[in-house]
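# Remarks on the overall topology
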Amino acid sequence: MIGRNNRPEQPNYFVYFYTASHPIFGDWLKSDIQKYKIDLQPDYRAWDNPIGGSDNASFAIHKIPIVWFHTDGHPDYHKPTDHSDKLNWEKIVEITKASYLIFSRLANDKY
């Protein structure tokens, strides 16, 4: 859920959920945004038990730490009126860059 804008006045806003017991996940994103000049405005939300209704729930239930990029709800969320012409492609590119860096660290760093 990374393509839409819920806040037209903040086109680069998104919510970044991560497992609270792993604060380094938030630190990594902050560092990467600054180091690589990624044009995003994250709302960092550490979550103690991230088992909401998304795909991350099946991991969190088994105590596997998660990160979750989400552009927040919008009026067309999960409705037939949610069309591709409403996507913010620039934000999708920036979130893809940020997620690549996070997942590269998850795969390669010892944390």
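Described in the following lines is the structure provided in the data block. Worth saying up front: this structure is predicted, and the values here are computed from it rather than measured.

A few words now on the overall build of the protein. Regarding its fold elements, the protein presents three helices and three strands. In sequence order, the protein lays out its α and β elements as β-α-β-α-β-α. At 14 Å, the protein has a C-alpha radius of gyration in line with the 13 Å of a compact globule built from 111 residues. Projected onto the principal axes, the alpha-carbon positions of the protein cover approximately 40 × 35 × 20 Å. Across the 111 residues in the protein, those meeting the buried criterion constitute 36%. When contacts within the protein are restricted to residue pairs at least 6 apart in sequence, those whose partners lie at least 24 apart make up 79%. Approximately 6,900 Å² of the protein is accessible, and the part contributed by carbon and sulfur atoms is 54%.

Let's shift gears to the nonpolar core. As a rule of thumb, soluble globular proteins bury nonpolar side chains together. Counting residues in each nonpolar core, the largest one holds 15 residues, and the members touching the most others are Phe14, Tyr16, Leu29, Leu40, Val67, Phe69 and Ile102. Elements with a minimum of two residues in this core: β1 (13-19), α1 (24-35), β3 (67-70) and α3 (89-108). Setting aside anything within four residues of it in sequence, one finds Leu29 in contact with Phe14, Tyr16, Pro42, Tyr44, Ala98 and Ile102. Grouped together as the second largest cluster of nonpolar side chains are six residues, Val15, Ala60, Ile66 and Trp68 included.

This part covers the environment of His83. Secondary-structure assignment places His83 in the loop between β3 and α3. Of the residues examined, His83 reaches a relative accessible area of 44% and is grouped as partly exposed. Along the primary structure His83 and Ser31 are separated by 52 residues, whereas in three dimensions their C-alpha atoms are 33 Å apart.

It is worth spelling out the packing of α1 against α3 at this point. At a minimum axis separation of 10 Å, α1 and α3 run at an interaxial angle of 130 degrees. Between α1 and α3, the angle falls in the class oblique. Crossing of α1 against α3: the hand is right-handed. In contact with Phe25, Trp28, Leu29, Ser31 and Asp32 of α1, α3 contributes Ala98, Leu101, Ile102, Arg105 and Leu106. A per-class count over the contact of α1 with α3 returns seven nonpolar, one polar and two charged.

Rules of the game
- Residues numbered from 1 in each chain as written.
- Predicted model: local features only at pLDDT ≥ 70, side-chain atom pairs only at ≥ 80, totals over all residues.
- Heavy atoms only, no water.
- Helix = DSSP H or I, 4+ residues; strand = E, 2+ residues; numbered from the N terminus.
- Rg over C-alpha atoms; globule rule 2.2 N^0.38 Å.
- Buried < 20%, exposed > 50% of the residue type's maximum accessible area, 1.4 Å probe, protein only.
- Contact = heavy atoms within 4.5 Å.
- Areas by Shrake-Rupley, 256 points an atom, 1.4 Å probe, with all protein chains shown as cover.
- Core = buried A, V, L, I, M, F, W, Y, C linked by side-chain atoms within 4.5 Å.
- Axes fitted to C-alpha atoms, helices over the stretch in contact; angles between N-to-C directions.
- Parallel < 35°, antiparallel > 145°, perpendicular 65-115°, else oblique.
- Left-handed = near helix turned anticlockwise from the far one by under 90°.
- Nonpolar A, V, L, I, M, F, W, Y, C, P; charged D, E, K, R; others polar.

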